[in-house]
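Overview (structure and organization)
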Amino acid sequence: MGYDNVIKSYSQERHILGEELPMETPYTILIDISDMCNLRCRYCFRCDEGIEAEDYRKNKLMGWDTFVQVVEQIKEFPGQFKRIALSHNGEPLCNRLLPQMVRYIKASGLTGKTEIHTNGILLDERYIEELSEAGIDRVVVSLQGLDEAAYLKECGAQVDFPHFYHMLKLFYKMKKNTQIHIKIVDEAVGDEREKFYELFSPIADRVFVESVVPLWTGTDMEDDIYEKNKYGDTFKVQRCCPLIFYTINILPDGTIYPCSHIRPPFKLGNVHDTTLKEAWNSEKRQEFLGRMLQEGRFQNEACKGCYIPQNTVVTNKDSIDAYTSEILKRMQEEE
């Protein structure tokens, strides 16, 4: 049976990134409002103490004052962000200020699309109503299975799956302009893809089965080989990371990262002592971008095994490897 809304969850509107760089204003800001999570998925770095994650696993929630400071600093950029993600490595629904945060962003005149990636388990009728009224633009729900047994196995959590399904169905019914995307990975769905589509296609704007790939660490990443991304598409391994050129990441305590890696190459300060614009334009970041363009990421210990660049490139327009000389020249002309 065919379903019209089997669509990959990324934005279909793509620019040729290599022609857009460098940027005065990032495309994307990750405001990580929650480092807490209500699940303990066995594949997550939270369950592997062997994975270094200095600023994560702290179970922190972003406070209102820090959030307001972030939004006010966003407004200092000359242009508008395209995407404002209120989630990263934690469960955003753990922060009950989420609807209020969305409303504040909308009232601040920021036009970037607000979104979260969530497991959805904490949704209840009140939360759904508040998020719908706040006008959140996109909610991506990641499923860990199709029944209680799967959630117990994968996440160590007792989940009332019929109730969970009912809440997602209610969200789809109550939403206004929110896009709801529901996805699951191939290993979790197994041979029940048709069941997944049958259950969730009627209650989502998009549904998709993604491929299991590394999250932060690749295996023997090197030039001139090909790897697939989480959408199942294969691209040459990226020599340069595109993400660092258009993204900035804020942790719950205000720490500023230049990328979304849990072990970043460095920190850019904290919003309590450094503005986002200062961090974005800092000499430290500019030198790092220059080295990335000249040497590639395999010369940097933090970047060489990272799989994020592979998951970031979803079309040929996203790769900047063929544009490194042009981008570097434009950066030097702006100095």
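Analysis parameters
- Residues numbered from 1 in each chain as written.
- Predicted model: local features only at pLDDT ≥ 70, side-chain atom pairs only at ≥ 80, totals over all residues.
- Heavy atoms only, no water.
- 1 Å grid on protein atoms, 1.4 Å probe; cavity = no way out; pocket = protein on both sides within 12 Å on 5 of 7 lines; lining within 4 Å.
- Points joined across faces, edges and corners; volume = space filled by probe spheres on them.
- Helix = DSSP H or I, 4+ residues; strand = E, 2+ residues; numbered from the N terminus.
- Pairing = 2+ DSSP bridges.
- Right-handed = clockwise from strand over helix to strand, strands pointing away.
- Patch = residues over 30% accessible without salt bridge, like charges linked within 9 Å, V, L, I, M, F, W, Y side chains within 5 Å.
- Areas by Shrake-Rupley, 256 points an atom, 1.4 Å probe, with all protein chains shown as cover.
- Salt bridge = Lys/Arg side-chain N within 4 Å of Asp/Glu carboxyl O.
- Lys, Arg positive; Asp, Glu negative; His and termini not counted.
- Charge placed at Lys NZ, Arg CZ, Asp CG, Glu CD.
- Disulfide = S-S within 2.5 Å.
- Buried < 20%, exposed > 50% of the residue type's maximum accessible area, 1.4 Å probe, protein only.

A word on the layout of surface pockets. Computed from the structure, the second largest pocket encloses a volume of approximately 420 Å³. Lining the second largest pocket are 21 residues, with P22, Q286, M331, E334 and E335 sitting closest to its centre. Looking at the lining of the second largest pocket, the elements that each hand over two or more residues are α9 (276-280), α10 (283-295) and α12 (324-334). Sort the elements by how many residues they give to the lining of the second largest pocket and α10 lands first, with seven residues.

It is generally the case that most residues other than glycine have a negative phi and that most peptide bonds are trans. Of note, the bond from L21 into P22 is cis; its omega dihedral lies within 30 degrees of zero at 0°. Take P22: it is sitting in the loop between α1 (17-20) and β1 (28-31).

Turning our attention to the pairing of strand β3 (residues 113-118). Both faces of the sheet carry side chains from a regular strand, because those side chains alternate between them. Alignment of strand β2 (residues 83-85) against β3, held across three bridges, turns out to be parallel. Counterpart to I84 in the pairing with β3 is T114. Bridge count for β3 against strand β4 (residues 138-143) is four bridges, and the pairing is parallel. Within β4, the residue paired with T118 across the bridge is V141. One crossover worth recording links β3 to the parallel β4 by way of helix α4 (residues 125-134), and it is right-handed.

So, about a negative patch on the surface. A grouping of E24, E333, E334 and E335 is seen on the molecular surface, where their side chains present a negatively charged patch. Tracing the backbone shows E333 in helix α12.

All right, on to the state of the cysteines then. For the structure on display, the rule yields zero disulfides. Free cysteine: C240, not disulfide-bonded; nearest cysteine sulfur from C241 at 8.7 Å. Looking at C240, the relative accessible area reads 0%, which means it is buried.

Of all five residues making up strand β6 (residues 206-210), five are buried, and the element is well covered by its neighbours. The alternating pattern of β6 places R206, F208 and E210 and V207 and V209 on opposite faces, both of which are buried. Where strand β5 (residues 179-185) meets β6, five bridges bridge the pair, whose relative direction is parallel. Following the sheet pairing, H181 is matched in β6 by R206.

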